[in-house]
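Here is what each chain is made of, one letter per residue.
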Amino acid sequence: MVAATFEEKTYETAYNADLIAGAGGNWRVFSPGQVLEKVTGFDVAADPGPEHLIWRVLRVPRPRGLSLMPSHWASSRSGVPKARELPSMPLSLILQFKRPEYLYGSRAAQRRLWHGPYYRFSRSTEQHSVLKRLESKLADDAIVRYASPAFHTLGELEEAQMERKVIALSGHVAPSVFGRHRVWTYNAAGTYGRGNPAGRARPVEAFDDLFASLIGVSSGRG
């Protein structure tokens, strides 16, 4: 097992830079400080402008989004953020970043499931509870996801930054899909992942898939 050679904050910064400059269009981004993050449970909340590339890629109208309010955390044991601490702008995307570990060799526990090297990240009980509750309360107005890269070296991160592919090389999984598992494993972005120790394969969304769950709502289908 090899831990990523970059810090989680380094990945977060690179992802946000890609989000703002590399994905096309202008994103509005809100990133809480460390103290507030412990309450809100997320690293960044954002909303793409109506002309953002993502809407052309997905061929769907922009989701309506919503403004975060203290009531979204009313039943959280972690506390409730003050209204003045939350952004007033509508938001449609909420992310919690995770630094992965890279596992390889015959002693890697899930190698038999992946038939080769794979990545994994773990979640904390308290934070996961907050994110699951937030995902449920926001329903179809916004999506909540964990984001983790399918690379583990600083060199790979720097290369992804230069090519503006940090987002494209990241996988995203919903807290509800993560469920009660403590660890999530995957071997590439945009394929599928498994809960630990031997959960069934579930989709791991690439960036272009993030709003797919909203297609039915936005188009009146489903």
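Every chain's residues receive numbers from 1 upward, in the order its sequence appears when written. Where totals are concerned, whole chains, interfaces and linings use all residues; where local detail is concerned, this predicted model gives features only for residues with pLDDT of at least 70, and gives and counts side-chain atom pairs only at 80 or more. Neither water nor hydrogens contribute to the side-chain values; these are computed over all heavy atoms in the structure.

1. Details of the environment of G171
Then comes step 1: Position of G171 among the secondary structure elements: in strand β8 (residues 170–173).
Then comes step 2: Expressed as a C-alpha distance, the spacing of G171 and R145, which sit 26 residues apart in the sequence, is 9.5 Å. Helix and strand definitions here come from DSSP, where helices need a minimum of 4 consecutive H or I residues and strands a minimum of 2 consecutive E residues; each element is numbered from the N-terminal end.

2. Considering the packing of aromatic side chains
Then comes step 1: Note on aromatic pairs: the rings of Phe, Tyr and Trp (six-membered ring only in Trp) are paired at centre separations within 6.5 Å, and the planes decide the class, stacked below 30 degrees, edge-to-face beyond 60, tilted for the rest. For the structure on display, the rule yields 13 aromatic pairs.
Then comes step 2: Seen in terms of ring centroids, Y11 and Y15 are 6.0 Å apart; in terms of plane orientation they differ by 80 degrees. Their pairing is edge-to-face. Of the two residues, Y11 and Y15 both sit in helix α1 (residues 8–22), four residues apart, roughly one turn of that helix. Here the two residues Y11 and Y15 agree in accessibility, since each one is buried.
Then comes step 3: Between F178 and W184 the ring centres are 5.5 Å apart and the planes differ by 40 degrees, which places this aromatic pair in the tilted class.
Then comes step 4: Residue exposure (1.4 Å probe, protein chains only): buried if accessible area is under 20% of the type maximum, exposed if over 50%, otherwise partly exposed. Given a relative accessible area of 1%, W184 falls into the buried group.
Then comes step 5: Either the NZ atom of lysine or the CZ atom of arginine qualifies as a charge over a ring when it sits within 6 Å of the ring centre and within 35 degrees of the ring normal. R194 extends its terminal NZ or CZ atom over the ring of W114, reaching a point 5.7 Å from the ring centre.

3. Details of the confidence of the model for the chain
Then comes step 1: On average, residues of the chain score 81 in pLDDT, and 77% of them are at 70 or above.
Then comes step 2: One number per residue, pLDDT, summarises how confident the predictor is, and it ranges from 0 to 100. For the chain, helix α3 (residues 53–58) is the element with the lowest average pLDDT, namely 44, and helix α6 (residues 154–162) is the one with the highest, namely 95.
Then comes step 3: Residue contacts are counted whenever heavy atoms from the two residues lie within 4.5 Å of one another. Every residue in residues 53–60 scores below 50 in pLDDT, and together they form 19 contacts with partners more than four places removed in sequence or on other chains.
Then comes step 4: In the model, residues 215–222 has pLDDT below 50 throughout and makes five contacts with residues more than four positions away in sequence or in other chains.

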